[in-house]
Amino acid sequence: MAGKAVPHFHNEPGVPVVAVGVKEFMCIGALPPFDHPHVFLDMGADTEIICQYCSTLYRYRAGLKADEADPQACVWHDDAKLAAE
């Protein structure tokens, strides 16, 4: 079974900016069960975007890989889904 194709990020730590290595991703707000609806964000030609649900500012950083963020704790891994595979 394939993993999720679109990276998912959250801002559970409450940092002012989350740097990400992709321009298209999902924001989940906080960790489950306190997450908001998982929304697809697309920066397009811009280098930053604000989530309309949680107001997290995401900023593109070219040096990061698709599955990386700064802080790294803001990358969401669906452990329940991984356990089921």
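Residues numbered from 1 in each chain as written. Predicted model: local features only at pLDDT ≥ 70, side-chain atom pairs only at ≥ 80, totals over all residues. Heavy atoms only, no water.

The next point concerns the overall build of the protein chain. Within the protein chain, the regular secondary structure consists of one helix and seven strands. N-terminal to C-terminal, the α/β element order of the protein chain is β-β-β-β-β-β-β-α. Considering the protein chain as a whole, with its 85 residues, one finds that 35% of them fall into the buried category. In the protein chain, of all internal contacts separated by at least 6 residues, the share reaching a separation of at least 24 is 46%. Of the roughly 5,100 Å² that the protein chain leaves accessible, carbon and sulfur atoms contribute 56%. (Helix = DSSP H or I, 4+ residues; strand = E, 2+ residues; numbered from the N terminus. Buried < 20%, exposed > 50% of the residue type's maximum accessible area, 1.4 Å probe, protein only. Contact = heavy atoms within 4.5 Å. Areas by Shrake-Rupley, 256 points an atom, 1.4 Å probe, with all protein chains shown as cover.)

Take the pairing of strand 2 (residues 17–20) next. On a regular strand, each side chain points to the face opposite its neighbour's, so the side chains alternate between the two faces of the sheet. Sheet topology places strand 2 next to strand 6 (residues 57–60); four bridges connect them, and they run parallel. Directly across from Val20, in strand 6, lies its bridge partner Tyr60. As paired strands, strand 2 and strand 7 (residues 69–70) are joined by two bridges and run antiparallel to one another. What sits directly across from Ala19, in strand 7, is Asp70. (Pairing = 2+ DSSP bridges.)

Across the sheet, four strands lie side by side as 5-6-2-7; this open sheet has mixed pairing. At either end of the open sheet lies a strand with only one pairing partner, and these are strand 5 (48–50) and strand 7.

What follows covers unusual backbone geometry. Between Pro32 and the following residue, Pro33, the backbone shows a cis peptide bond with an omega angle of 10 degrees. Take Pro33: it is sitting in the loop between strand 3 (24–27) and strand 4 (39–42). Cis geometry marks the peptide bond from Asp70 to Pro71, where omega comes out at 10 degrees. One non-glycine residue with positive phi stands out, namely Ser55, at about 65 degrees. Residue placement: Ser55 occurs in the loop between strand 5 and strand 6.

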